[in-house]
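Examining the three-dimensional arrangement
Take a look at the letters that make up each chain.
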Amino acid sequence: MTKPAILKHGAAAGAAGRPRRSDWTIDQDWANYTQEEHEVWKTLFERQTKLLPGRACDEFVEGMRALPIGGDRIPEFHALNEILRRGTGWEIVAVPGLVPDEVFFEHLANRRFPAGQFIRKRDELDYLEEPDIFHDVFGHVPMLMNPVIADYIQSYGVGGLRAQAQGVLHHLARVYWYTVEFGLVTQPDGLRIYGAGIVSSYTETLFALTDPSPNRIRFDLERVMRTRYRIDDFQESYFVLGHLHALLDLAAIDFAPIYKRAGSKRELEPGDILPSDDVLTRGSGRYHALKREAPREAS
Ligand code: HBI
Ligand code: FE
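As a starting point, this report considers the structure included with it. (Residues numbered from 1 in each chain as written. Chains lettered and ligands numbered in written order. Predicted model: local features only at pLDDT ≥ 70, side-chain atom pairs only at ≥ 80, totals over all residues. Heavy atoms only, no water.)

A closer look at the side chain of Glu-130
Its location among the elements puts Glu-130 in the loop between β2 (112–116) and α5 (133–144). The exposure class of Glu-130 is buried, given its relative accessible area of 17%. A distance of 2.6 Å separates a polar side-chain atom of Glu-130 from the backbone nitrogen of Leu-98. (Helix = DSSP H or I, 4+ residues; strand = E, 2+ residues; numbered from the N terminus. Buried < 20%, exposed > 50% of the residue type's maximum accessible area, 1.4 Å probe, protein only. Polar contact = N/O pair within 3.5 Å; in protein donor to acceptor, adjacent residues only side chain to side chain.)

Observations concerning the coordination of the iron ion (ligand 2)
For the iron ion (ligand 2), the protein coordination sphere consists of His-135 (NE2), His-140 (NE2), Glu-181 (OE) and Glu-181 (OE), at 2.0 to 2.7 Å. Note that the iron ion (ligand 2) binds 4 donor atoms; their angles at the metal cover 52 to 139°, and the shape is irregular. Counting residues between consecutive donors of the iron ion (ligand 2) along the chain gives the motif H-x4-H-x40-E. Of this pair, His-140 sits in helix α5 while Glu-181 sits in helix α7 (residues 169–181), placing them 41 residues apart in sequence. (Donors = N, O, S within 2.8 Å, 3.2 Å for Na, K, Ca; no water. Tetrahedral: all angles 85-135°; square planar, octahedral: opposite > 155°, others 65-115°.)

What about the side chain of Asn-81?
For Asn-81, the location among the structural elements is in helix α3 (residues 77–88). Within the structure, the side chain of Asn-81 is placed 2.7 Å from the backbone nitrogen of Ile-92, a separation counted as a polar contact. Look past the residues within four positions of Asn-81 in its chain and what remains in contact with it is Trp-90, Glu-91 and Ile-92. (Contact = heavy atoms within 4.5 Å.)

A look at unusual backbone geometry
Positive phi values are uncommon outside glycine, yet Trp-24 reaches one of about 75°. Mapped onto the elements, Trp-24 comes out in the segment before α1 (35–51). Relative accessible area serves as the criterion here: at 15%, Trp-24 is assigned to the buried category. A positive phi is found at Arg-111, a non-glycine position, where the angle reads about 60°. One can find Arg-111 in the loop between α4 (101–109) and β2.

Focus: the pairing of strand β4 (residues 190–193)
Pairing of strand β3 (residues 184–187) with β4 involves 4 bridges; the strand directions are antiparallel. Following the sheet pairing, Gln-187 is matched in β4 by Gly-190. (Pairing = 2+ DSSP bridges.)

Some words on the environment of Lys-42
Along the chain, Lys-42 falls in helix α1. What makes Lys-42 partly exposed here is its relative accessible area of 30%. If near-sequence neighbours (up to four positions away) are discounted, Lys-42 is found in contact with Gly-71 and Asp-72.

A closer look at the packing of α1 against helix α9 (residues 202–210)
Where α1 contacts α9, the axes come no closer than 10 Å and their chain directions differ by 20°. Taken together, α1 and α9 sit at an angle that is classed as roughly parallel. The hand of the α1/α9 crossing is right-handed. Residues Arg-47, Gln-48 and Leu-51 of α1 form the contact with α9, whose participating residues are Tyr-202, Thr-205 and Leu-206. Residue classes in the contact of α1 with α9 are distributed as 3 nonpolar, 2 polar and 1 charged. (Axes fitted to C-alpha atoms, helices over the stretch in contact; angles between N-to-C directions. Parallel < 35°, antiparallel > 145°, perpendicular 65-115°, else oblique. Left-handed = near helix turned anticlockwise from the far one by under 90°. Nonpolar A, V, L, I, M, F, W, Y, C, P; charged D, E, K, R; others polar.)

Overview of the sheet that holds β4
Here we have 5 strands laid out as an open sheet, ordered β4-β3-β6-β5-β7, and mixed in their pairing. Edge strands, defined here as strands with exactly one partner in the open sheet, are β4 and β7 (279–281). Adjacent strand axes in the sheet meet at a mean angle of 35° when their direction is disregarded.

Let's talk about α5
For α5, the buried fraction is high: 12 of the 12 residues fall into the buried class. The set of residues buried in α5 consists of Ile-133, Phe-134, His-135, Asp-136, Val-137, Phe-138, Gly-139, His-140, Val-141, Pro-142, Met-143 and Leu-144. Structurally, the start of α5 carries an N-cap: the backbone nitrogen of Phe-134 is 3.2 Å from a side-chain oxygen of Asp-132.

Topic: empty space enclosed by the protein
What the rule picks out here adds up to 3 cavities of 30 Å³ or more. The computed volume of the largest cavity comes to approximately 60 Å³. In terms of lining residues, the largest cavity is bounded by Gly-139, His-140, Met-143, Ile-149, Tyr-152, Ile-153, Val-180, Tyr-194, Ala-196 and Leu-247. Sorting the residues of the lining of the largest cavity by element identifies α5 and α6 (147–166) as the ones contributing at least two each. Split into classes, the residues belonging to the lining of the largest cavity amount to 8 nonpolar, 2 polar and no charged. Taken as a whole, the second largest cavity spans an internal volume of roughly 40 Å³. What lines the second largest cavity is a set of 11 residues, and nearest its centre among them are Leu-44, Arg-47, Gln-48, Ser-200 and Tyr-202. Residue contributions to the lining of the second largest cavity peak at 3 residues, all from α1. (1 Å grid on protein atoms, 1.4 Å probe; cavity = no way out; pocket = protein on both sides within 12 Å on 5 of 7 lines; lining within 4 Å. Points joined across faces, edges and corners; volume = space filled by probe spheres on them.)

As structure tokens, this is what we get:
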């Protein structure tokens, strides 16, 4: 089995050793990508583009179609930004990798999406320690063309600054994780992915949608706030929205009372199922059980 795409969004920021500004942005420096780096992009792009019809939600497909994201070369941020600004007022800024939480939130609150400037190596196509340009641009940027997601991610930035001050960031980060990164949504024609962590990963696209192992549970805000997540492997549970519009409500409501309720109840493990859950698929749990038995063999 190939390694899953791993997104250690919680890990310490590693710098690529280039000059950065106080807001952590750097130049994309597009002219300095090597031929090999463009070819890694091409490999990832072609693999994912073949897989996504019928699997990614319609909004993702529409966003991708509207943007100059092609298969031959790494996209240029200034070209993407022209379309994004006109579409939803968002823009992309280049960063060396993970940035501190408050820097990340400050950018999002101002409709700037920090995107990793670097691209993974060919021998680590499915392994990511930090979000790279393929995850950020292929995975996140098409969704930023959608007005609902555009507002939702901005409000995550605003809410993140507030949650940090209130000491409840872990609750909010889980909501982001199980929506923007690993969310599923039902369409009239079936289950689709919209989370960037899935959409940008070959192996997790298949695992999230069709593997019998994970749970697929209807999204519930307070429930998700209580649920720990895995940063080093496929998710044990995915949370499913009835429609992306549900995120609009999330962008508008006051989280404070929900933080309070979630904080007063016990934390849930990634694979837990509650009697109150609306379970679409009860997973076998086999994938993670095997790994716990024989961690080396299973990976
Ligand atoms: N930095 N570049 C980058 N991308 C992220 O997704 C990111 C980050 N810093 C912090 C972070 N995410 C999360 O831990 C917060 O969403 C809580
Ligand atoms: Fe991401």
